[in-house]
Amino acid sequence: MDKGDAAGMTRRVRLVGDGVENPANARALMDSAAMFGVQCAFRDTRGLMAAWDVERGGELELIDTPGLLDQEWPIVAVETNPQASIVFGATLPGTQSSIIVGGERLGIRADLLRAAARTVRIPMSGRGINTLNVAAAAAVALYYLIAGRGLAPRLAKRPEERRPALLLSRPQDHVEAGSAIRSAAAFGWRTVGLDDSSKVWYGVSHVVAAEGRAAARSHRNRIRVLPMTTSTNLAFRRVVVAGALVDGPPIHRVDLAGHDTLLVIPDERKRGSIQRFKDLGAWLEPARIDISVPGFPYRYRLMATIVMAEAVRQIGFRPAGQPRQAPRRGLTYESTLSTVATGAAEEVDPAVLKTF
Ligand SMILES: C[S@@+](CC[C@H](N)C(=O)[O-])C[C@H]1O[C@@H](n2cnc3c(N)ncnc32)[C@H](O)[C@@H]1O
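Residues numbered from 1 in each chain as written. Predicted model: local features only at pLDDT ≥ 70, side-chain atom pairs only at ≥ 80, totals over all residues. Heavy atoms only, no water.

As for the domain arrangement of the protein chain
Phase 1: When its domains are assigned, the protein chain resolves into domain 1 (2-146) and domain 2 (159-353).
Phase 2: Relative placement of domain 1 and domain 2: their C-alpha centres are 25 Å apart.
Phase 3: The partner domain 2 presents 33 residues to the 30 residues of domain 1 that form the contact.
Phase 4: Between domain 1 and domain 2, roughly 2600 Å² of surface is buried when both sides are summed, and carbon and sulfur atoms account for 63% of that area.
Phase 5: Its salt-bridge partner being arginine 299, residue aspartate 31 comes within 2.7 Å of it at the nearest N-O pair. (Domains from an automatic or database assignment. Contact = heavy atoms within 4.5 Å. Buried area = accessible area lost by both parts, 1.4 Å probe. Salt bridge = Lys/Arg side-chain N within 4 Å of Asp/Glu carboxyl O.)

Some words on the packing of helix α7 (residues 174-186) against helix α9 (residues 300-315)
Phase 1: α9 packs onto α7 with a crossing angle of 15° between their chain directions and a minimal axis gap of 8 Å. One way to sum up the angle between α7 and α9 is to call them roughly parallel. In the packing of α7 onto α9, the handedness of the crossing is right-handed. Residues Val175, Glu176, Ser179, Ala180, Ser183 and Ala184 of α7 pack against Tyr300, Arg301, Ala304, Thr305 and Met308 of α9.
Phase 2: Looking at the contact of α7 with α9, its residues break down into six nonpolar, three polar and two charged. (Axes fitted to C-alpha atoms, helices over the stretch in contact; angles between N-to-C directions. Helix = DSSP H or I, 4+ residues; strand = E, 2+ residues; numbered from the N terminus. Parallel < 35°, antiparallel > 145°, perpendicular 65-115°, else oblique. Left-handed = near helix turned anticlockwise from the far one by under 90°. Nonpolar A, V, L, I, M, F, W, Y, C, P; charged D, E, K, R; others polar.)

Things to note about the site of the ligand
Phase 1: In the vicinity of the ligand lie 19 residues, with Val78, Glu79, Gly102, Arg105 and Ile122 positioned nearest.
Phase 2: Glutamate 79 places a polar side-chain atom, nitrogen or oxygen, 2.7 Å from an oxygen atom of the ligand.
Phase 3: Considering the ligand on its own, with 580 Å² of exposed area, one finds that the protein chains cover 84% of that surface.
Phase 4: Each residue belonging to the shell around the ligand can be placed in one class, and the counts come to nine nonpolar, five polar and five charged. (Near = heavy atom within 4 Å. Polar contact = N/O pair within 3.5 Å; in protein donor to acceptor, adjacent residues only side chain to side chain. Areas by Shrake-Rupley, 256 points an atom, 1.4 Å probe, with all protein chains shown as cover.)

Digging into the nonpolar core
Phase 1: Judged by nonpolar contacts, the single largest core of 100 residues is most densely connected at Leu15, Leu29, Trp189 and Met308.
Phase 2: With twelve residues, the top contributor of residues to this core is helix α6 (residues 134-147).
Phase 3: Residues from two domains meet in this core; each of domain 1 (2-146) and domain 2 (159-353) gives at least three.
Phase 4: Setting aside residues no more than four positions away along its own chain, leucine 15 makes contact with Leu29, Ser32, Ala33, Val38, Gln39, Cys40, Ala41, Ile99, Val101, Ala138 and Leu142.
Phase 5: In terms of nonpolar packing, the next biggest core, distinct from the first, is built from ten residues, Ala41, Leu68, Ala77 and Ile108 among them. (Core = buried A, V, L, I, M, F, W, Y, C linked by side-chain atoms within 4.5 Å. Buried < 20%, exposed > 50% of the residue type's maximum accessible area, 1.4 Å probe, protein only.)

Regarding unusual backbone geometry
Phase 1: A positive phi angle, near 50°, is found at arginine 170, a position not held by glycine.
Phase 2: Along the chain, arginine 170 falls in the loop between β8 (165-169) and α7.
Phase 3: Overall, the relative accessible area of 21% leaves arginine 170 in the partly exposed class.
Phase 4: Backbone geometry places lysine 199, a non-glycine residue, at a positive phi of 55°.
Phase 5: Mapped onto the fold, lysine 199 is located in the loop between β9 (191-195) and α8 (206-212).

Right, here's the structure in full:
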């Protein structure tokens, strides 16, 4: 599909999944593409078509290697490669591009990485998990390469002290919830609040619980998931509610950083006024993710990961060569979050998050 930009130029972009294996991830990738009005195709090297159910997933569009190496469609590889440029501030190479993401286990294959005009990465600072779900990574890449072009990373002396607390509010499905928790862990949050009023995470059936949490294997890198409700006391100075259906200024114009800030990401399939979050802090602010495609398919993990990526961009990065500064005592979002928790934290193992 054609997309125009501010200069009136017509751009054509396609999202390509290279060697994606899991049909549910392929379906989520199609939703990522549809959210930004671009085509979606797959290079099927790992049996995706054989596992595909057209009735559940719709038509699967395939693309072969010569089609992908067509010079008319320069490749932008989205990969965890440390040499890649950071996605914030990155642009597309021309009026036509293939944006490629890789399969769950092997990533983008070497032939496409070699052919790429540019490679971009989404900065990660997780302990034990340093990749996003493939569809979530695609949504972030499309957001910054298409919709949020030119939003450069900020510099900060002590980024960790600027990290806001995070509340995932009422995810409607356990896989979307698990994927959003994975994103939080990979972006470096060590604790997240979860309002599980829709009962997809805590106290669910054995099968879902096993899929969602499994047995913890290592203590060191776990992320703490704190149960919360939205009717708690005024613990935070600011509460920012971010989403695509929220009525407010664009998210890149709203300050998301600060340890006294609570960033709330509601699942917007369950509509409701943002006023329901007013008791969580002294000051409530809306922040809108600009998605220009009418009636786009809504997926919680995609929205949540875009919001977290924007928070990470705003928290900032230490200037190159500047050593990590010793943390100042007492300045942490985690202690405030703990005061509004409604129960004991659940520790989730990174090995489990990789399954989302
Ligand atoms: C789950 S990852 C692949 C994991 C990879 N084999 C590994 O363990 O390092 C699947 C795909 O998502 C995309 N992806 C995930 N996290 C990313 C990040 N931080 N930056 C860029 N791409 C990412 C890449 O396209 C990657 O090939």
